[in-house]
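# Residue-level structure breakdown
Here's the letter readout for the chains.
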Amino acid sequence: MAGCVSRVELSVSCRSLLDRDLGSRSDPLCVLLQDVGGGQWAELDRTERIKNCQNPEFCKKLIVDYYFEKVQKLKFGVYDIDNKSFDLNDDDYLGGIECTLGQVVSSSVFTRPLELKQGKPAGKGTITISAEEIKDTRVVYLEIEARNLDKKDFLGKSDPFLEFYKQSDAGTWQLVYRSEVVIKNNLNPCWRKFSVPLQTFCGGDFNKPIKVQCADHDSDGSHDLIGTFETTLTGLQEAGDGYPVEFECIHPEKKKKKTSYKNSGIIRIKSCKIERDYSFLDYVMGGCQINFTVGVDFTGSNGDPRSPDSLHYISPDGINEYLIAIWSVGSVVQDYDTDKLFPAFGFGAQVPPSWQVSHEFALNFNPSNPYCQGIQGIVDAYCQILPHIRLYGPTNFSPIINHVARFAAHSAQQGTASQYFILLIITDGEITDLDQTRQAIVNASKLPMSIIIVGVGEADFRAMEFLDGDNGVLKSPTGEPAARDIVQFVPFRQFKNAPREALSQMVLAEVPKQLVAYYKWQGWPPVKPPEINKM
């Protein structure tokens, strides 16, 4: 692994965005992409969407690993979001910029005009990015409620939301958190428990001034201030053990005008706790093994392996799309598995001696020991089995997902962050047991596992994109939602002319987040937690 020098968080704001909505202002979101070679860009992160706003200050920070030894080309794109789809292709582009991470981190504030394409300005729109190194992995958890807030709406009560700002070294206020849920029509709201990285919240300085603002949400973006107060993290920490700390919410204009003015409500901090947030490397270096399993599609739609038109045809130089996918993903994952023994299975073929269709047969024809020695062992088993099976059908994913899930469930019973499972399915895309697969994925979402699907060939992969869950939460046929997003789908055709590492970077990009999210959800620290540096 290349040594990651540090992680940085990028704060993004824009001014004078183009207005693409009729009758209202744009609803902008900023996406961050990184050049992974061969003309391919991989999404690293995205901000929240802000409704009806041409001058957004995004609250969600964009996190990126900074490597001094690499030129990291970045692309920031701003879009007007008018639907719930995760895909940005159907949203209006408001402009973007390309730069390097080095340019951003070497500038205290990096401002550039937005462009619709090279040399074509996006009106007067600009984007401003500032970078801050993440030195602290602690997280602030807050529970907050309010009472007797001022009524701001003519026909109803207020729709209050909170914003937290930290004071920068230059004395300006920088937004660090905006409450996600606006509580409708309520003067005594109780907001959902939330967390903010300590570095983001106050730069690790417990006495840095913090400004808290409570406002009444208006759908047209013209929010009305209810009141504000200033404190520090030290002040917030006085809350806890059933003893909330209270702050008067003061509206400056009202205070000036009325001598009888007391406040515009009380904000109560019910709880303020600081906890350690563990990273992917904390878990891996703390003893978590990553178990890699491969499932290969041997259905008839791939074509006869002896024919050059077949997806299973091995070219004279010894490759095909299946083998490239195995090498690309396996070569990265194998570094995190000490024994280098990888189970590999096929599905959708008739196998000897009975020539029954099997949806879960060992590539080495040894069902009691399906493990292959290293990635080369998987490749060898694949090449050796091809002449001895008959490609058939149907294309069923659920048996192999359930197979790996049984091992993941057994590991989860130990209650430790000791083993995580990655299943790579390589397929030509025409899935038959969609409902059973949906159920299997929803079940697996509660287990320590991730599923990577690489689609080979030119088939219609809409079913795979549906399983990916990026367009919303995947649900089982009975309506049960997945506990978390564990599927990453990538069509191989996008990477045909790209360097081999581009495919692995794209398909493995989500795995660290998925692993950390699972263990955080369970509340499990690394087996051997890192020593905490006293600050």
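Position numbers for residues start from 1 in each chain and track the written sequence from start to end. Note on the predicted model: pLDDT of at least 70 is required for a residue's local features to be given, and 80 or more for side-chain atom pairs to be given and counted; whole-chain, interface and lining totals, by contrast, use all residues. Side-chain measures were taken over the full set of non-hydrogen atoms in the model, leaving aside hydrogen atoms and water.

For the protein chain, the count of helices and strands is twelve helices and 26 strands. Note on method: radius of gyration uses C-alpha positions; expected globular size equals 2.2 Å times residues raised to 0.38. Relative to the compact-globule value of 24 Å for 535 residues, the protein chain shows a C-alpha radius of gyration of 26 Å, a close match. Seen through its C-alpha atoms, the protein chain measures out along the principal axes to roughly 95 × 55 × 50 Å. Relative accessibility decides the category of a residue: with a 1.4 Å probe and only protein chains considered, values under 20% of the type maximum give buried, values over 50% give exposed, and everything between is partly exposed. Counting over 535 residues, the protein chain shows a buried share of 50%. The long-range share in the protein chain, meaning contacts at least 24 apart out of those at least 6 apart in sequence, stands at 71%. Using a 1.4 Å probe, the Shrake-Rupley method yields the accessible areas, and only the shown protein chains count as cover for residues. Carbon and sulfur atoms make up 50% of the accessible area of the protein chain, which amounts to about 25,400 Å² in all. Note on charges: Lys and Arg go in the positive column, Asp and Glu in the negative column, and His and the chain ends are not counted at all. Charge placement uses NZ in Lys and CZ in Arg. For Asp and Glu, CG and CD serve respectively. Looking at charge distribution, the protein chain has the averaged site of its 56 positive side-chain charges lying 6 Å from that of its 68 negative ones. By definition, any uninterrupted DSSP run of H or I lasting at least four residues is a helix, any uninterrupted run of E lasting at least two residues is a strand, and each is numbered from the N terminus. In what follows, residue pairs with any heavy atoms lying within 4.5 Å of each other are defined as contacts.

Before going further, it helps to spend a moment on the pairing of strand β9 (residues 138-147). Burial within β9 is extensive, with seven of its ten residues counted as buried. In this description, strands pair whenever DSSP reports at least two bridges between them. Alignment of β9 against strand β16 (residues 266-276), held across ten bridges, turns out to be antiparallel. From the neighbouring strand, Y141 faces β16, where its bridge partner is K273. Where β9 lies against strand β12 (residues 194-197), four bridges are found, and the strand directions are antiparallel. Along β12, the bridge assignment pairs V139 with P197.

Moving on, we get to the domain arrangement of the protein chain. Bear in mind that the domain bounds are from an automatic or database domain assignment. Each assigned domain of the protein chain is listed here: domain 1 (6-134), domain 2 (138-276) and domain 3 (281-522). Using C-alpha coordinates to define each centre, domain 1 is positioned 33 Å away from domain 3. Taken together, the contact between domain 1 and domain 3 spans eleven residues of the former and ten residues of the latter. Accessible area that two parts lose when put together, evaluated with a 1.4 Å probe and summed over both, is termed the buried area. When residues of domain 1 are sorted by the area they lose upon contact with domain 3, V36, Q40 and F86 head the list and together hold 56% of the total. Salt bridges, as used here, are contacts in which a Lys or Arg side-chain nitrogen is within 4 Å of a carboxyl oxygen on Asp or Glu. Inspection of the domain 1/domain 3 interface yields zero salt bridges. Nitrogen and oxygen atoms within 3.5 Å of one another constitute a polar contact, given that in protein one can donate a hydrogen and the other can accept it, and given that sequence-neighbouring residues count only through two side-chain atoms. The interface formed by domain 1 and domain 3 contains two residue pairs in polar contact (both at pLDDT 80 or more). Elements with a minimum of two residues in the side of domain 1 that touches domain 3: β2 (28-37) and β3 (40-46). Broken down by element, the residue count for the side of domain 1 that touches domain 3 peaks at four residues, all from β3. Its residues assigned to classes, the side of domain 1 that touches domain 3 comprises five nonpolar, four polar and two charged. Each residue is assigned to one of three groups, with Ala, Val, Leu, Ile, Met, Phe, Trp, Tyr, Cys and Pro labelled nonpolar, Asp, Glu, Lys and Arg labelled charged, and all others, Gly among them, labelled polar.

One open sheet accounts for four strands, arranged β12-β9-β16-β15; its pairing is antiparallel. Among the strands making up the open sheet, the edge pair consists of β12 and β15 (245-248). Geometrically, the sheet is characterised by an average inter-axis angle of 35 degrees between neighbouring strands, direction not taken into account. To obtain an axis, a line is fitted to C-alpha atoms, over the contacting stretch when the element is a helix, and the angle between two such axes runs from 0 to 180 degrees between their N-to-C directions.

As a further point, take the packing of helix α6 (residues 321-333) against helix α7 (residues 374-385). In contact at an axis separation of 10 Å, α6 and α7 are set at 165 degrees when each is read in the N-to-C sense. With respect to their mutual orientation, α6 and α7 come out roughly antiparallel. As for the relative orientation of α6 and α7, their crossing is right-handed in sense. Residues Y322, L323, I326, W327, G330 and S331 of α6 lie in contact with α7, whose contacting residues are I375, Q376, I378, V379, Y382 and C383. Here the residues of the contact of α6 with α7 sort into nine nonpolar, three polar and no charged. Roughly parallel covers angles under 35 degrees, roughly antiparallel covers those over 145, roughly perpendicular covers 65 to 115, and oblique covers all other angles. Two helices that cross are described as forming a left-handed crossing if the nearer one is turned anticlockwise from the farther one by less than a right angle, and a right-handed crossing if clockwise.

Let us look at the pattern of salt bridges. Counted according to the given criterion, the structure contains 23 salt bridges. As a salt-bridge pair, R7 and D65 come within 2.9 Å of each other at their nearest N and O atoms. Within this pair, whereas R7 is found in strand β1 (residues 6-15), its partner D65 is found in strand β4 (residues 62-66), the two being separated by 58 residues in sequence. The partly exposed category is assigned to R7, whose relative accessible area is 42%. We note a salt bridge from E163 to R178, for which the minimum N-O separation is 2.9 Å. Placement of the pair is E163 in strand β10 (residues 160-167) and R178 in strand β11 (residues 173-178), with a sequence separation of 15 residues. One salt-bridge network, held together by shared partners, links E145, R147, E246, R268 and K270.

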